[in-house]
Amino acid sequence: MMHAVIMAGGSGTRLWPRSRKKQPKQFHSLTGENSLLQDTVSRLAPIMDREHVNIIANKSHTKQIREQLSELPLSNVVAEPIARNTAPAVGTMAVVLQERDPDAIMLVLPADHYISKGDDFMRVLNFAEEVIKSDPECLLTLGIKPTYPETGYGYIEIGHVFKSSDSDEVFWVKSFKEKPDLATAEHYVASWKYVWNSGMFVWKCSTILDLFAKHAPEIYKGLMEYKAALGTPEEEEAFQKVYKDLPSISVDYAIMEKAEKVLVMPADIGWSDIGSWAALHDLLSTEDDGNVVIGKHVGVDTHNSLIHAGNKLIATVGLDNMIIVDSGDVLMICPKGRSQDVKALLDKLEEQGCGEYL
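The structure presented is a predicted model; accordingly, all values stated were derived computationally and were not measured. (Residues numbered from 1 in each chain as written. Predicted model: local features only at pLDDT ≥ 70, side-chain atom pairs only at ≥ 80, totals over all residues. Heavy atoms only, no water.)

Trainee: Help me understand the overall build of the chain, please; the structure alone is not making it clear to me.
Mentor: Counting its regular elements, the chain contains 11 helices and 17 strands. In terms of overall size, the chain behaves like a compact globule, its C-alpha atoms giving a radius of gyration of 21 Å where 358 residues would be expected to give roughly 21 Å. Based on the C-alpha atoms only, the size of the chain along its principal axes is roughly 60 × 50 × 40 Å. Here the chain, with 358 residues, has 52% of them falling under the buried criterion. For the chain, contacts bridging at least 24 residues in sequence account for 67% of all contacts bridging at least 6. When the accessible surface of the chain is totalled, it reaches about 16,600 Å², and 49% of it is carbon and sulfur. Distance between charge centroids for the chain: 4 Å, based on 36 positive and 51 negative side chains. (Helix = DSSP H or I, 4+ residues; strand = E, 2+ residues; numbered from the N terminus. Rg over C-alpha atoms; globule rule 2.2 N^0.38 Å. Buried < 20%, exposed > 50% of the residue type's maximum accessible area, 1.4 Å probe, protein only. Contact = heavy atoms within 4.5 Å. Areas by Shrake-Rupley, 256 points an atom, 1.4 Å probe, with all protein chains shown as cover. Lys, Arg positive; Asp, Glu negative; His and termini not counted. Charge placed at Lys NZ, Arg CZ, Asp CG, Glu CD.)

Trainee: How do you make sense of helix 7 (residues 217-229) when you look at a structure like this?
Mentor: Since one α-helical turn is 3.6 residues long, residues separated by three or four positions face the same way. A rise of 1.5 Å per residue sets the reference length of helix 7, with its 13 residues, at 18 Å; its end C-alpha atoms lie 19 Å apart and thus fit the reference within 8%. Restricting attention to buried positions, one finds in helix 7 the residues Ile219, Gly222, Leu223, Tyr226 and Ala229. The buried residues of helix 7 occupy one face: seen down the axis, they fall within an arc of 115°. Residues of helix 7 that are exposed and angled more than 90 degrees away from the buried face: Pro217, Lys221 and Ala228. In the core, the buried residues of helix 7 are packed alongside helix 3 (86-100), helix 6 (205-215) and helix 8 (235-245). In the stretch just after helix 7, Gly231 is the one whose phi turns positive, near 80°. (Expected span 1.5 Å × (residues − 1). Arc of directions from axis to C-beta.)

Trainee: Please clarify how the sheet that holds strand 12 (residues 292-294) should be interpreted in this entry.
Mentor: The strands that make up a sheet pair up through hydrogen bonds in the backbone, lying either parallel or antiparallel. In space, the four strands of this open sheet follow the order 12-14-16-17, with mixed pairing throughout. Lying at the two open borders of the sheet, with one neighbouring strand each, are strand 12 and strand 17 (331-335). The mean angle between the axes of side-by-side strands here comes to 5°, regardless of whether they run parallel or antiparallel. The strands that helix 10 (residues 277-284) touches are strand 12, strand 14 (306-308), strand 16 (322-326) and strand 17; relative to strand 14, the one it contacts most, it runs at about 105°. (Pairing = 2+ DSSP bridges. Axes fitted to C-alpha atoms, helices over the stretch in contact; angles between N-to-C directions.)

Trainee: Hey, could you run me through unusual backbone geometry in this one?
Mentor: Only a minority of non-glycine residues have a phi that is not negative, and only a minority of peptide bonds are not trans. Along the chain, Trp16 connects to Pro17 via a cis peptide bond; the corresponding omega equals 10°. Counting through the fold element by element, Pro17 comes out in the loop between strand 1 (2-7) and helix 1 (36-43). Positive phi values are uncommon outside glycine, yet Trp192 reaches one of about 65°. Of note, Trp192 is situated in the loop between helix 5 (182-191) and strand 9 (194-204). On the basis of relative accessible area, Trp192 is assigned to the exposed category, the value being 76%.

Trainee: I'm lost on helix 10 in this one. Help?
Mentor: Along helix 10, the positions that sit buried rather than exposed are Trp277, Ala278, Ala279, Leu280 and His281. For helix 10, the elements touching its buried residues are strand 12, strand 14, strand 16 and strand 17.

Trainee: Hey, could you run me through the packing of aromatic side chains in this one?
Mentor: To describe a pair of aromatic rings, you give the distance between the ring centres and the angle between the ring planes. For the coordinates displayed, the defined rule picks out 10 aromatic pairs. A ring pair is formed by Tyr148 and Trp196, whose centres lie 5.2 Å apart and whose planes are at 70°; its orientation type is edge-to-face. With Tyr148 in the loop between strand 6 (139-144) and strand 7 (155-164) and Trp196 in strand 9, the pair connects residues that are 48 residues apart, well separated along the chain. Trp196 gets classed as buried once you look at its relative accessible area, which sits at 4%. With centroids separated by 5.4 Å and ring planes inclined at 65°, the aromatic side chains of Tyr153 and Trp271 adopt a geometry described as edge-to-face. Taken together, the residues Tyr153 in the loop between strand 6 and strand 7 and Trp271 in strand 11 (residues 271-272) connect sequence positions 118 residues apart. Trp271 matches Tyr153 in its accessibility class, with the two residues each being buried. Through pairs of rings, three or more aromatic residues link up here, namely Tyr148, Tyr153, Trp196 and Trp271. (Phe/Tyr/Trp six-rings, centres within 6.5 Å; stacked < 30°, edge-to-face > 60°.)

Trainee: Just to check I follow, could you spell out the packing of helix 7 against helix 8 for this structure?
Mentor: When two helices pack together, their arrangement is given by the angle between the helix axes and the distance between those axes. Where helix 7 contacts helix 8, the axes come no closer than 8 Å and their chain directions differ by 175°. Here helix 7 lies roughly antiparallel to helix 8, going by the angle between them. When helix 7 is examined against helix 8, the residues Glu218, Gly222, Leu223, Glu225, Tyr226 and Ala229 are found in contact with a partner set consisting of Glu235, Ala238, Phe239, Lys241, Val242 and Asp245. Residue classes in the contact of helix 7 with helix 8 are distributed as six nonpolar, one polar and five charged. (Parallel < 35°, antiparallel > 145°, perpendicular 65-115°, else oblique. Nonpolar A, V, L, I, M, F, W, Y, C, P; charged D, E, K, R; others polar.)

Trainee: I'm lost on the side chain of Thr207 in this one. Help?
Mentor: As for its placement among the helices and strands, Thr207 is situated in helix 6. Overall, Thr207 belongs to the buried group, its relative accessible area being 11%. Those residues in contact with Thr207, other than ones at most four positions away along the chain, are Pro136, Glu137, Cys138 and Leu139.

Written as C-alpha cells, this is what we have:
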C-alpha cells in the first residue's frame, strides 16, 4: 500500500516577513482559505485514507500541525529534534513505515507546494504507484514540464522511455542538473529534454533503505539504531540521540544522484513551489492591472504588483512590478524582479542582532 510522507520542515525564507521561523509558509493560507499544508493533505483524499498520511516536521511546529490537522493519528506526526535536511527525514520515515507495513510504498511530498490540477495529480500518482509495484527496485521522481527558463530550480535530463500509459510516460533519468544560469536554463527549456526537479518521489521503503546502506552508510547506521528501538520504552530517547548525529544532506545528493535505477515522470499538474513573492504574484494575478491585493489598498497608476497589507491601508502612486508586504512589525518593499533576494535580508537581520524579526 502507498503511504504519504509530507515534509513540513521548510523555512520559506523568501516569503519573509510573512513566513517566519515560528510559522513558516506551509502553515499560512497564501492561495485560499486553507494553509498550504492543509491543502497538501486534502489533495490526497481521493486516493488515500488519512491513516496513511504522515508528516515529519520540526518539533517546534507540532502544535500548529495538531491544530491544523486534528484528524491525523498522533503517531502519524514525527517531530524532528533538529533540522537535518531531507535525507535523514526520508530515511526516518522509511524505517517507521516499513515497521508498520513491510511492503510499504512511500510517496514523498513537500508541504508547501501549490497544485491546481488535482485530478491530473491523482492520475499521475496512481500510475507512479503502478510503476513502482511492477518494478520495485526503481526510484521514481515527478518532474514538472518547464514553462519558462527558471534559474531557481534544479533540472532533470530525460532519457529513454521506460513505461507509458494512455496519458503519461515514465523515462529513465539521464542526469540531474544544478540550478543553471539563464542561458543554460533557456537551452534546457528549448531542448524539450529537461524537466524541473519537483522534490516529489515514489519508491518502496525497502528499496530506499537498501540504497541508504549502499550510498549513505553513516545515515543508515543511525537509522538501524533507531529501528532497533522501535516499540520499546527507549524509542523516543534513541530517536532524539540518533537524529542529532545524522549528517545534514538532501536525499538528492545522498541517494538520487548516485542510484542506478532512477525514473522520472513529467507531469502537467498546475504546479508551483511558491518560492518567492513574485511566484505568488504570478500564480494569483488575474486582474487587468496585473495587481494582486491582499488586504486594504488604494492605488493610482499602480500595476503588476503584489500588495499584502496587514491591518493598515497601503496607498501607492506610480508603482510598477513591486512587492509590498506588511506583517505588522515589518514592512518589506522590493522590486518584483528582486524577490528571490529577500533571503539576503534575513542574513542582514542576523548580522545586526535583530533575531526577533526572523
